[in-house]
Amino acid sequence: MNDKIWVILLLVLLIPLKVYSDYMEPTEIHMERAIVLEVEEGENIEEIEGLLGQVQYVKLQILSGKFKGQIFEVENNLSNNMAYDIVVKKGIG
C-alpha cells in the first residue's frame, strides 16, 4: 500500500504543470546611486477605491554606473503607504 502512495506522489510531481501567462519581454534593471537636484510636489491624485496618492516630480543626477553624470527627470508616485513610499528631498543621495 505504501508503495502505491509513493508511486502516485512521484507521478504527480513529475507531471509537468501548464502555466498560462502573458509573454513579458525582459527588462534591464539598474540600481545606481544618485543625488536629488530638485523636487516639485505634485497634486494629490485619486487612486483605486477612493484612496488619495501624491506625485513628486524629481530631477536627479546619477553618480555611478554606465549612466554616471546623466540627469534624469522622473515621477515618484506616493500611495500614502509607508511600507512602499520613498519620499525624496533635495540633496539626499
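Residue numbers run consecutively from 1 along every chain, following the written order of its sequence. Given that the model is predicted, a residue must reach a pLDDT of at least 70 before its local features are reported, and side-chain atom pairs must reach 80 or more before they are shown or counted; all residues, however, enter totals for whole chains, interfaces and linings. Hydrogens and water are ignored here; the side-chain numbers use all heavy atoms of the structure.

What am I meant to see in the overall build of the protein chain here?
Check the secondary structure of the protein chain and you find 1 helix and 3 strands. The secondary structure elements of the protein chain, listed N-terminal to C-terminal, are α-β-β-β. Accessible area is worked out with a 1.4 Å probe on protein chains only. A residue is then buried under 20% of its type maximum, exposed over 50%, and partly exposed in between. Counting the 93 residues in the protein chain, one finds 13% classified as buried. Contacts in the protein chain between residues at least 24 apart in sequence constitute 42% of all its contacts with a sequence separation of at least 6. Per-residue and other accessible areas were derived by the Shrake-Rupley procedure at a 1.4 Å probe size, with only the shown protein chains allowed to occlude residues. For the protein chain, the accessible area works out to roughly 8,700 Å², and carbon and sulfur atoms hold 60% of it. For the purposes of this entry, the term helix denotes a DSSP run of H or I that reaches at least four residues, the term strand denotes a run of E that reaches at least two, and both are numbered from the N terminus. Two residues qualify as a contact provided that any one of their heavy atoms is within 4.5 Å of a heavy atom in the partner residue.

Any chance you could explain the nonpolar core here in plain terms?
Grouped burial of nonpolar side chains is what soluble globular proteins tend to show. In plain words, nonpolar cores are sets of buried Ala, Val, Leu, Ile, Met, Phe, Trp, Tyr and Cys residues tied together by side-chain atoms within 4.5 Å. The biggest cluster of nonpolar side chains holds 5 residues, and these are Ala34, Val36, Val58, Leu60 and Ile62. Broken down by secondary-structure element, the contributors of at least two residues to this core are β1 (34–46) and β2 (52–62). For this core, the leading source of residues is β2, giving 3 residues.

Explanation requested: the pattern of salt bridges in the structure shown.
Pairing is possible between side chains of opposite charge, provided their charged atoms come close. Put simply, a salt bridge is a Lys or Arg side-chain nitrogen that is within 4 Å of an Asp or Glu carboxyl oxygen. The final tally for this structure, using the stated rule, is 1 salt bridge. Among the salt bridges present, the one from Lys59 reaches Glu38, with a minimum N-O distance of 4.0 Å. Of this pair, Lys59 sits in strand β2 while Glu38 sits in strand β1, and the two are 21 residues apart along the sequence. A relative accessible area of 46% places Glu38 in the partly exposed class.

Which parts of the structure should I look at to understand the confidence of the model for the protein chain?
Residues shown with low pLDDT carry predicted positions that ought not to be read at fine detail. The score called pLDDT rates the predictor's confidence residue by residue, from a low of 0 to a high of 100. With 75% of its residues at a pLDDT of 70 or more, the protein chain has an overall mean of 80. When mean pLDDT is taken per element in the protein chain, strand β3 (residues 71–78) scores highest with 90 and helix α1 (residues 2–14) scores lowest with 73.

Explain a nonpolar patch on the surface here, please?
A surface patch of nonpolar side chains, amounting to about 330 Å² of accessible area, comprises Ile5, Trp6 and Leu9. Tracing the chain through its elements places Trp6 in helix α1. Patch construction takes residues with relative accessible area above 30% that form no salt bridge. Like charges are linked within 9 Å, and nonpolar side chains (Val, Leu, Ile, Met, Phe, Trp, Tyr) are linked within 5 Å.

Before we go on, may I ask you to explain the environment of Ile35 in this structure?
Its location among the elements puts Ile35 in strand β1. It is 5.8 Å that separates the C-alpha atoms of Ile35 and Gly91, two residues lying 56 residues apart in sequence.

How should the side chain of Asp85 be read in this particular structure?
Summarising the element assignment, Asp85 is placed in the segment after β3. In summary, the charge assignment counts Lys and Arg as positive and Asp and Glu as negative, without counting His or the chain termini. An unpaired buried charge is present at Asp85: no salt bridge exists, and Lys89, the closest side chain of opposite charge, is 13 Å distant. Between N or O atoms, a polar contact is any pair within 3.5 Å; within protein, one atom must be a potential hydrogen donor and the other a potential acceptor, and residues adjacent in sequence are included only when both atoms are from side chains. Among the polar contacts made by the side chain of Asp85, one reaches the main-chain amide nitrogen of Ser79 at a distance of 2.9 Å. Ignoring sequence-local partners within four residues, the contact set of Asp85 consists of Asn77, Leu78, Ser79 and Asn80.

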